[in-house]
Amino acid sequence: MIQEYEPEATRRDAGDAESSRASRGWWDRNADEYQSEHGTFLGDDRFVWGPEGLDEAEVRLLGPAESLRGADVLEIGAGAAQCSRWLAAQGARPVAMDLSHRQLQHALRIGGGFPLVEADAGALPFADGSFDLACAAYGAVPFVSDPVKVFREVRRVLGPGGRWVFSVTHPIRWAFPDEPGPEGLSVAASYFDRTPYVEQDERGRAVYVEHHRTIGDRVRDVVAGGFRLVDLVEPEWPAWNSQEWGGWSPLRGNLIPGTAIFVCVRD
């Protein structure tokens, strides 16, 4: 019997190409398990910003309901396109884009009637000014080594006044172990250590990469990408949500933020 190699977790540099290759491979391999494990919580046509369960139908970070009708919206890192399906139900014209072919197969399985595009967020295959809005619920941004490059691409494909809203792991989480229980409540690393988290195979090739930016870094990246930051949302853990999702849990969520949502405008 051949034993499958367990990836080694480490902290080391990982550039654009290696990060992109690792993300594509990881999501293609893990899309089935991810959708099976989290599909019920995410729903088929719900727009959830993160594990806390903050719902776009309630918070309207993309704008009021009437502004979505007829709007061209790009969802980046769409996965099975749950958010795009919700947008379509509001009368928007979404395009769901993801790096992973397997994730988009799940989007196709559920259906929706809107375009699905397989592409890298750092090289968007759309014309200038193609969209009114862009969004990413934990899509792409945490996994790229050069977020400014992505933001500039998003700015290019948005028209003037276009809104760009994205959620990421809250940067403070990087100082704590990725554990949902009490062991995840003690600081274990420097918040200021930007070295990427990498899982690598027996040959030292990255199979998963996640990049850390502080809150200040994220704000500066947004500005360098050509956007104006109009809001930074840190969702509190709601009483109704009893689930654990990786390192997210009610215990931790009631003490430290788990998600940061950046609301940006292209002037």
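Our subject in this report is the structure included herewith. The structure presented is a predicted model; accordingly, all values stated were derived computationally and were not measured. The residue numbering used here restarts from 1 in each chain and proceeds along that chain's sequence as written. Only residues with pLDDT of 70 or above have their local features reported here, since the model is predicted, and side-chain atom pairs are shown and tallied only from 80 upward, although totals for entire chains, interfaces and linings are computed over all residues. Side-chain metrics in this entry use all non-hydrogen atoms of the structure; hydrogen atoms and water are not considered.

To continue, consider the overall build of the protein. Of the regular secondary structure elements, the protein holds eight helices and ten strands. Here the C-alpha radius of gyration of the protein, 18 Å, is about what a compact globule of 267 residues would show, namely 18 Å. The principal-axis extent of the C-alpha atoms belonging to the protein is close to 50 × 40 × 35 Å. Buried residues in the protein amount to 53% of all 267 residues. Note on contacts: a residue pair qualifies if any of its non-hydrogen atoms lie within 4.5 Å across the two residues. Pairs at least 24 apart in sequence give 70% of the contacts found in the protein among residues at least 6 apart. Here the Shrake-Rupley method, with its probe set to 1.4 Å, supplies the accessible areas, and only the displayed protein chains count as covering residues. Looking at the protein as shown, the accessible area adds up to about 12200 Å², and 50% of this sits on carbon and sulfur atoms. For the purposes of this entry, the term helix denotes a DSSP run of H or I that reaches at least four residues, the term strand denotes a run of E that reaches at least two, and both are numbered from the N terminus. As a reference, a globule follows 2.2 Å times the number of residues to the power 0.38, and the radius of gyration itself is taken over C-alpha atoms. A 1.4 Å probe rolled over the protein chains alone gives each residue an accessible area, and that area as a share of the maximum for its type sets the label: buried under 20%, exposed over 50%, partly exposed in between.

Two strands qualify as a pair provided DSSP detects at least 2 bridges between them. The strand order across the open sheet built from seven strands is β4-β3-β2-β5-β6-β10-β9, with neighbouring strands paired in mixed fashion. The open sheet has two edge strands, β4 (116–118) and β9 (228–233), and neither has a second partner. On average, each strand axis in the sheet is tilted by 20 degrees relative to the strand beside it, whichever way the strands run. Where strand β2 (residues 72–76) lies against strand β5 (residues 131–137), three bridges are found, and the strand directions are parallel. Bridged to Leu74 within β5 is Ala134. Fitted lines through C-alpha atoms serve as axes, helices being fitted only where they are in contact, and the angles separating the N-to-C directions of these axes extend from 0 to 180 degrees.

Further remarks concern unusual backbone geometry. The backbone of Ala81 shows a phi angle near 65 degrees, a positive value even though the residue is not glycine. The class of Ala81 is buried, set by a relative accessible area of 0%. Look at Ala140: it is not a glycine, yet its phi comes out positive at around 65 degrees. Counting through the fold element by element, Ala140 comes out in the loop between β5 and α6 (147–157).

Across the five residues that make up β2, a large majority, four, are buried. As defined by bridge partners, β2 adjoins strand β3 (residues 93–98) across five bridges and the pair is classed as parallel. Following the sheet pairing, Glu75 is matched in β3 by Ala96.

Two elements in contact, α6 and helix α7 (residues 215–224), have axes whose closest approach is 8 Å; the angle formed by their N-to-C orientations is 40 degrees. Between α6 and α7, the angle falls in the class oblique. The element α6 and its partner α7 pack so that their crossing is right-handed. Facing Pro147, Val148, Phe151 and Arg152 of α6, the residues of α7 in contact are Arg218, Asp221, Val222 and Ala224. Note that Gly is not counted as nonpolar here; it falls among the polar residues with everything else outside the nonpolar set of Ala, Val, Leu, Ile, Met, Phe, Trp, Tyr, Cys and Pro and the charged set of Asp, Glu, Lys and Arg. Partitioned by chemical class, the residues of the contact of α6 with α7 number five nonpolar, no polar and three charged. We call two directions roughly parallel when the angle between them is under 35 degrees, roughly antiparallel when it is over 145, roughly perpendicular when it lies between 65 and 115, and oblique otherwise. Note: crossing handedness is left-handed where the near helix turns anticlockwise from the far helix by less than a right angle, and right-handed where it turns clockwise.

Our focus in this paragraph is the packing of aromatic side chains. A pair of aromatic rings is counted whenever rings of Phe, Tyr or Trp (Trp by its six-membered ring) have centres within 6.5 Å, and the orientation is called stacked for planes under 30 degrees apart, edge-to-face for over 60 and tilted otherwise. All chains considered together, the criterion is met by 18 aromatic pairs. Summarising the aromatic geometry, the rings of Phe47 and Trp86 are spaced 5.9 Å apart at their centres and angled 85 degrees between planes, so their arrangement reads as edge-to-face. Remark: Trp86 occurs in helix α4 (residues 82–89) and Phe47 occurs in the loop between α1 (16–42) and α2 (56–59); sequence separation between them is 39 residues. Here the two residues Phe47 and Trp86 agree in accessibility, since each one is buried. Residues Phe166 and Phe262 carry aromatic rings whose centres are separated by 5.0 Å and whose planes lie at 10 degrees to one another, so their mutual orientation is stacked. With a gap of 96 residues between them, Phe166 in strand β6 (residues 158–169) and Phe262 in strand β10 (residues 259–265) connect regions that are remote in the sequence. Phe262 shares its class with Phe166; the two are buried. Taken together through their ring pairs, the aromatic side chains of Trp26, Trp27, Tyr34, Phe41, Phe143, Tyr197, Tyr208, Trp240 and Trp245 make up a single cluster. One residue, Arg46, lies across the ring of Phe41, its end atom 5.4 Å from the ring centre. Placement of a positive charge over a ring is assigned whenever Lys NZ or Arg CZ falls within 6 Å of the ring centre and within 35 degrees of the normal to the ring plane. We note Arg173 situated over the ring of Trp248; from NZ or CZ to the ring centre the distance is 4.2 Å.

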